[in-house]
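Single-letter residue listing:
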Amino acid sequence: MSSTKYLQAKTSTVEGSNAITYAYRRMGPTGTRPLVLLQHFRGNLDNWDPDLVDTLAASREVIAFDNAGVGATTGTTPATIAQMADDAIILLEALALDSVDLLGFSIGSFVAQEIALTRASLVTKVVLASTAPQGAPGMYGWAADIIGAVGTPKVDAEGVLHAFFTKSAASRAAGEQYLGRVFSRTEGHDTDTTWRTRNAQYDAVLKWGTPNFGLLQRLTALQQPVFVANGDDDRMILPWYSYLTANLIPNAVVKLYPDSAHGFLYQHAKEFANDVNQFLDA
C-alpha cells in the first residue's frame, strides 16, 4: 500500500491515441479497482482537496487527471461534454484500464455520465457530486453572482468561498480551511487553466443545460450503481437536480450534506470520502 499523500504525489504523463499528452496523479494501493476523479469547472490537479483524496486513497487506487487542454495536459479544451468524455476514455485506454469507478464533480459529473453511457463496459460504479442531467429545465447557465464569482479572468479566494460555500460561519470557516489545504503544496504545481479552457467549458455547460426533456431519458439506460450527492444549499447546481438525476437512474441513491453548497465534498471531505468508500465497497 502506498503511503504517499496527495500533496506529495508526483505528476506523471501518458500519451493517448489522439496524440494528446495527459497529466495525471496516481496514488493508493495497487491491485484495487481504480477510482477516477473528474474535476470541476476551471479546476486542475491542484484543486482537489488533499483530505478528500487521501481518505479515498487509503483503501483504493485513485487517479486524478487533467483532461484535454486543461492544466498541464496538451491539446484543446473541447466545448462539448461528449468530447470531454471521449477524451477521458482515451486516457483510460492509454493507462490500460479495463474496469474503473468514476467520481465526477460538477462539470466532471456531466462527463462521468457520458463516460458511463458511452463506454458502459468500462465503468463499474459512479459517484455524481453536484450534478444534473442533460437537458434539465433551469440548467441553462448559472446565476449571475455565481458565474461572476468563478467565471472572471482571475478567480480569487472570495469568489471561491461565495460560489462553493454557504454564508454560515461554519461553512465559510470550512472553506477557508479547504483553501489552506489546496495551497499547501510546495512543489510540482500543475499548470493554471487558461481563459480558453474557461470559455470552452462554459460553452459546454450551456449546451448541456439547454432545455430538452427528451434528453432526460438517456439516464434510464445507465445500469451501474450510482451515488448522487450534493450540499443542501448549492446555488450553482440546485439540490433538487440530485433527486431528478437519481430518479432517472434505475439503481441510484442520494445524500445531501447539511449547511453546505457546491463545495460540500470539501466542507465534508472525510465524511463524503467515507461514504464514497462504503458505496464502492458494498
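Higher on the page you've got the structure.
Rules used throughout
Residues numbered from 1 in each chain as written. Predicted model: local features only at pLDDT ≥ 70, side-chain atom pairs only at ≥ 80, totals over all residues. Heavy atoms only, no water. Helix = DSSP H or I, 4+ residues; strand = E, 2+ residues; numbered from the N terminus. Buried < 20%, exposed > 50% of the residue type's maximum accessible area, 1.4 Å probe, protein only. Contact = heavy atoms within 4.5 Å. Areas by Shrake-Rupley, 256 points an atom, 1.4 Å probe, with all protein chains shown as cover. Lys, Arg positive; Asp, Glu negative; His and termini not counted. Charge placed at Lys NZ, Arg CZ, Asp CG, Glu CD. Salt bridge = Lys/Arg side-chain N within 4 Å of Asp/Glu carboxyl O. Pairing = 2+ DSSP bridges. Right-handed = clockwise from strand over helix to strand, strands pointing away. 1 Å grid on protein atoms, 1.4 Å probe; cavity = no way out; pocket = protein on both sides within 12 Å on 5 of 7 lines; lining within 4 Å. Points joined across faces, edges and corners; volume = space filled by probe spheres on them. Nonpolar A, V, L, I, M, F, W, Y, C, P; charged D, E, K, R; others polar.

Caption draft 1: Summary view of the overall build of the protein chain. Along the protein chain, the regular secondary structure elements total 11 helices and 8 strands. Its C-alpha atoms give the protein chain principal-axis dimensions of about 40 × 40 × 40 Å. Per-residue burial over the protein chain gives 59% buried out of 282 residues. Across the protein chain, the fraction of contacts at a sequence separation of at least 24, relative to all contacts at a separation of at least 6, is 75%. When the accessible surface of the protein chain is split by element, carbon and sulfur atoms take 53% of a total near 11,000 Å². The centroid of the 21 positive side-chain charges in the protein chain is displaced by 0 Å from the centroid of its 28 negative side-chain charges.

Caption draft 2: Spotlight on the pattern of salt bridges. This model, assessed by the stated rule, comprises 14 salt bridges. A salt bridge links Arg26 to Glu61; its shortest N-O distance comes to 2.5 Å. Here Arg26, found in strand 2 (residues 21-27), pairs with Glu61, found in the loop between helix 1 (50-57) and strand 4 (62-65); they are 35 residues apart in sequence, far enough to count as distant. The exposure class of Arg26 is partly exposed, given its relative accessible area of 34%. According to the relative accessible area criterion, Glu61 is buried, its value standing at 7%.

Caption draft 3: Looking closely at unusual backbone geometry. Here Ser106, not a glycine, exhibits a phi torsion of approximately 60°, which is positive. For Ser130, which is not a glycine, the phi torsion comes out positive at approximately 55°. Looking at the secondary structure, you find Ser130 in the loop between strand 6 (123-129) and helix 4 (144-150).

Caption draft 4: Fine view of the pairing of strand 5 (residues 100-105). Of all 6 residues that make up strand 5, 6 are buried, and the element is covered over most of its length. Side chains Val100, Leu102 and Gly104 of strand 5 all project onto a buried face; the interleaved residues Asp101, Leu103 and Phe105 project onto the opposite face, where all are buried too. The pairing of strand 3 (residues 35-38) with strand 5 spans 4 bridges and is parallel. Bridge pairing in strand 5 places Leu35 opposite Asp101. In the sheet, strand 5 pairs with strand 6 via 5 bridges, with the strands oriented parallel. Directly across from Val100, in strand 6, lies its bridge partner Val123. For the crossover from strand 5 across helix 3 (residues 107-118) to strand 6, the handedness is right-handed.

Caption draft 5: Structural context of the layout of surface pockets. Here the largest pocket is characterised by a volume of approximately 760 Å³. Considering the residues around the largest pocket, the lining is formed by 26 residues, among which Arg42, Asn47, Val155, Phe183 and Asp192 are closest to the centre. For the lining of the largest pocket, the elements supplying multiple residues, two or more each, are helix 5 (157-164) and helix 6 (169-182). Class assignment for the residues of the lining of the largest pocket results in 13 nonpolar, 7 polar and 6 charged. Approximately 190 Å³ is the volume attributed to the second largest pocket. For the second largest pocket, the full set of lining residues is Glu158, Leu161, His162, Ala163, Phe165, Thr166, Lys167, Arg172, Asp233, Arg235 and Ala261. Considering each element in turn, the lining of the second largest pocket owes the most residues, 4 residues, to helix 5. Residues belonging to the lining of the second largest pocket are distributed by class as follows: 4 nonpolar, 2 polar and 5 charged.

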